[in-house]
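# Breakdown of the fold
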Amino acid sequence: MKAEGVLPTIGSKFDQLTGLYNRESFLREAAVLLGARFDVDYCIVCMDISCFKIINDLFHTSTGDLILRSAADYFTKQFNPRTTISCRTNADHFILCVPTEELKIEQVINDLDKIIQDLHISHNILFFAGIYPVDKRDLPVDQMCDRAGMALKRIKGSYLTRYAYYDAKMREKMIEDLLLVGNLEIALAERQFTIFLQPIFNPRQNTVVSAEALVRWLHPIHGMVSPGKFIPVCESNGFIVRLDRFIWEEVCRFQRKRLNEGKEIVPISVNLSRLNFYSLDLPDFLSFLLSKYDLEPWMLKLEVTESAYTDNQVQLLDMISTFKNLGFSVLMDDFGSGYSSLNMLKDMPLDTIKVDMAFIRELEKSERVALILKFVVQLAESLGMGVVVEGVETQRQCDYVASLGEVAIQGYYFSRPLPMSEYEKLLEKYPLAPH
Ligand code: C2E
Ligand code: CA
Ligand code: CA
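Only a predicted model underlies this, so the values are computations on that prediction, with no experimental measurement involved. (Residues numbered from 1 in each chain as written. Chains lettered and ligands numbered in written order. Predicted model: local features only at pLDDT ≥ 70, side-chain atom pairs only at ≥ 80, totals over all residues. Heavy atoms only, no water.)

With that settled, consider empty space enclosed by the protein. Counted under the stated rule, the structure contains two cavities of 30 Å³ or more. A volume near 40 Å³ is recorded for the largest cavity. Residue lining of the largest cavity: Arg 274, Phe 277, Tyr 278, Ala 308, Asp 311, Asn 312, Gln 315 and Leu 316, and that is the complete set. Elements represented by at least two residues in the lining of the largest cavity include exactly helix H10 (306-311) and helix H11 (313-326). Across the lining of the largest cavity, the residue classes tally to four nonpolar, two polar and two charged. By volume, the second largest cavity amounts to about 30 Å³. Around the second largest cavity, the lining residues are Val 45, Met 47, Phe 75, Phe 79, Leu 96, Leu 103, Ile 105 and Val 108. Looking at the lining of the second largest cavity residue by residue, the class counts come to eight nonpolar, no polar and no charged. (1 Å grid on protein atoms, 1.4 Å probe; cavity = no way out; pocket = protein on both sides within 12 Å on 5 of 7 lines; lining within 4 Å. Points joined across faces, edges and corners; volume = space filled by probe spheres on them. Helix = DSSP H or I, 4+ residues; strand = E, 2+ residues; numbered from the N terminus. Nonpolar A, V, L, I, M, F, W, Y, C, P; charged D, E, K, R; others polar.)

What follows covers the domain arrangement of the chain. Where interface size is quoted, it is often the accessible area lost as the parts come together. Taken domain by domain, the chain comprises domain 1 (23-166) and domain 2 (176-427). Here the C-alpha centre of domain 2 lies 50 Å away from the C-alpha centre of domain 1. (Domains from an automatic or database assignment.)

Six octahedral donors around a metal ideally make angles of 90 or 180 degrees; four tetrahedral donors ideally make 109.5 degrees. Binding of the calcium ion (ligand 3) to the protein goes through Asp 333 (OD), Asp 334 (OD), Glu 390 (OE) and Glu 390 (OE), at separations of 2.2 to 2.8 Å. When the donors of the calcium ion (ligand 3) are listed by position in the chain, the intervening gaps give D-D-x55-E. Between the calcium ion (ligand 3) and the calcium ion (ligand 2), a spacing of 4.0 Å is present, and a bridge between the two is formed by Asp 333. One end of the pair, Asp 333, is in strand E11 (residues 329-335); the other, Glu 390, is in strand E13 (residues 386-390), with 57 residues separating them in the sequence. (Donors = N, O, S within 2.8 Å, 3.2 Å for Na, K, Ca; no water.)

Coordination of the calcium ion (ligand 2) by the protein is provided by Glu 212 (OE), Asn 271 (OD1), Glu 303 (OE) and Asp 333 (OD), with metal-donor distances spanning 2.2 to 2.3 Å. All donors of the calcium ion (ligand 2) come from a single chain, and their spacing in sequence reads E-x58-N-x31-E-x29-D. For Asn 271, a relative accessible area of 24% gives the class partly exposed. (Buried < 20%, exposed > 50% of the residue type's maximum accessible area, 1.4 Å probe, protein only.)

Further remarks concern the site of ligand 1. Around ligand 1, 23 residues are found, and the nearest of them are Arg 216, Asp 244, Met 357, Glu 393 and Tyr 412. Within the backbone of Val 215, a nitrogen or oxygen atom sits 3.1 Å from a nitrogen atom of ligand 1. Between ligand 1 and Asp 333 there is a distance of 3.1 Å, counted from an oxygen atom to a side-chain nitrogen or oxygen. In the complex, 82% of the free accessible area of ligand 1, which totals 800 Å², lies under the protein chains. Looking at the shell around ligand 1, the elements that each hand over two or more residues are strand E7 (207-219), helix H7 (227-237), helix H8 (240-260), E11 and helix H13 (357-363). In terms of residue count, the dominant contributor to the shell around ligand 1 is E7 (four residues). For the shell around ligand 1, a count of residues per class yields ten nonpolar, five polar and eight charged. (Near = heavy atom within 4 Å. Polar contact = N/O pair within 3.5 Å; in protein donor to acceptor, adjacent residues only side chain to side chain. Areas by Shrake-Rupley, 256 points an atom, 1.4 Å probe, with all protein chains shown as cover.)

So, on to the layout of surface pockets. Estimates place the volume of the largest pocket at around 740 Å³. What lines the largest pocket is a set of 35 residues, and nearest its centre among them are Glu 212, Leu 214, Pro 227, Asn 271 and Asp 333. Of all the elements in the fold, those that place two or more residues in the lining of the largest pocket are E7, H7, H8, strand E9 (268-272), strand E10 (300-304), E11 and H13. Of the residues assigned to the lining of the largest pocket, the class counts are 16 nonpolar, eight polar and eleven charged. Within this model, the second largest pocket holds a volume of roughly 450 Å³. Mapped by element, the contributors of at least two residues to the lining of the second largest pocket are strand E6 (193-202), E7, E11, E13 and strand E14 (407-410). For the lining of the second largest pocket, a count of residues per class yields eleven nonpolar, nine polar and two charged.

This is the structure in C-alpha cells:
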C-alpha cells in the first residue's frame, strides 16, 4: 500500500494506486541497479492475473484495486527494497527486477494465492509469471521486460503452468513469425518465390515419369527458406491460396517454355493446399491456365491431401469430379499419414496414391511396415490406380519398392528437388516415360 509521505503527484515516479514505481521510473531505476550490482545475477519478472478484466466487471473496481494493492504490498514486504525494485505498469501488470538468489518463484505464487484467498472473493484469481534471467546486461531494460513478457504470453490461458522462463528460441520463433507475415506480400510481388522440381522415377524402366513442383522462398537476407517454415503461416492467414496459384502458373509457364523449344516434357504435379477448396472458381482458374499457356490437362497433375477431405467431403468430391471432367489426374498426397486415408480412397475418384514418407522411414525397422507397403501397392493395382512411394533414399529401399510392382519412386536416392535449370539437365540424361 501507498505510504504516507510518498503521496503521488502528477508526473511522480510512483503508481498512484499501489505506491510501487510506475513503468518509466522502473526502467530508469532498474538500469541503475543492474549497472551498480554487476556482481549479482538478476531476473526480470513480469506478472499478471488471470481474467483481471472479468474481475473488474463482475465485482466493483474497488475489488480489483484491493487485489492489486495486496499484491503490491506483498512485493514490498517480501523483497529487500535495496536489492529489488518493483512496479505496476498498467492494469494488472507488475514487473520486478530481483536478484536471482532471492527469487523463489513457486513460493511467490503460492503466497499470492494465499493472500488472494484470504480476501474471500468468490472467483478463481491466479497470478502468472514470465521470467527473464538477465544474461545480457547491456540490453535496454524495456527489452528485458519484453523477453519476460514473451515467456508470460506463452503460458497465458494454461492453468497448470503458472510460470515460465524465457529462452532464446521463443524470441527466434516470434521474430520469424513476424518477419514472415510482413514479408509474404512483398516476396510475391518481388518474385522471391520459386519452384524446385523433384523428378519421379520408374525404377524398373529407369525412366522419368513425372515431377513434383515444390515451392522455395529465396529470401534476400535469409537465403533459401524451406516450405516447412512458411507454409503453415501461409495456411493460417489464407495467403496460401494466392501462393499456390502463383506456383501453378510458374509450372505452366515452364512447361510451355520447353514445348516452345521443341523439348519433351513429363507431367508436373502441383500441391493444392486444403484452403483452395473453398474457392469455387478453382476449376475455372485451372482451365484458364491451360488455355493461357496452351497446355493439355495431362501436363499438370493435382496433389490433394487428406486434410481437404476431412474439412468438407461433399465439396471436395464435387471439385475432384470437376477436375476429372476437365481431364486432370488427381493424386492423393501423404497416403497413410492421417486417419481417413482409406475413406478418402473409397469416396474420391483418385488416380494415384502417394505413399507417405513415414512408411519408407520404418521399412527396415519393421516387417509389418514392409507388409503394409506391399498391401498398399496391391490395393492400388486392384483399384486401377498408380502408386508413388515418397522419401526413397537408399538402394535397398528402392530395390524393395521396385520388387512390389509398377511403382514410381520419389526421393533423394534418385534426385533431390532441383532448380529448373538442373532439372532440365537431368531430363537430358534419362529417357522420359510416355504419358
Ligand atoms: P510434400 O508435398 O509431401 O512434398 C514432399 C517433401 O518431401 C518435399 O519437402 C521434398 O523435398 C521432400 N523429400 C523428397 N524426397 C525426400 C527424401 O528422400 N527424403 C526426405 N527426407 N525428404 C524428401 P519440401 O519441399 O520441404 O516440402 C514440404 C511440404 O511443403 C510438402 O510436402 C508440401 O506439403 C508443402 N509444399 C511444398 N510446396 C508447396 C506448394 O507449392 N504449395 C503447397 N500448398 N504446399 C507445398
Ligand atoms: Ca505433395
Ligand atoms: Ca507427400
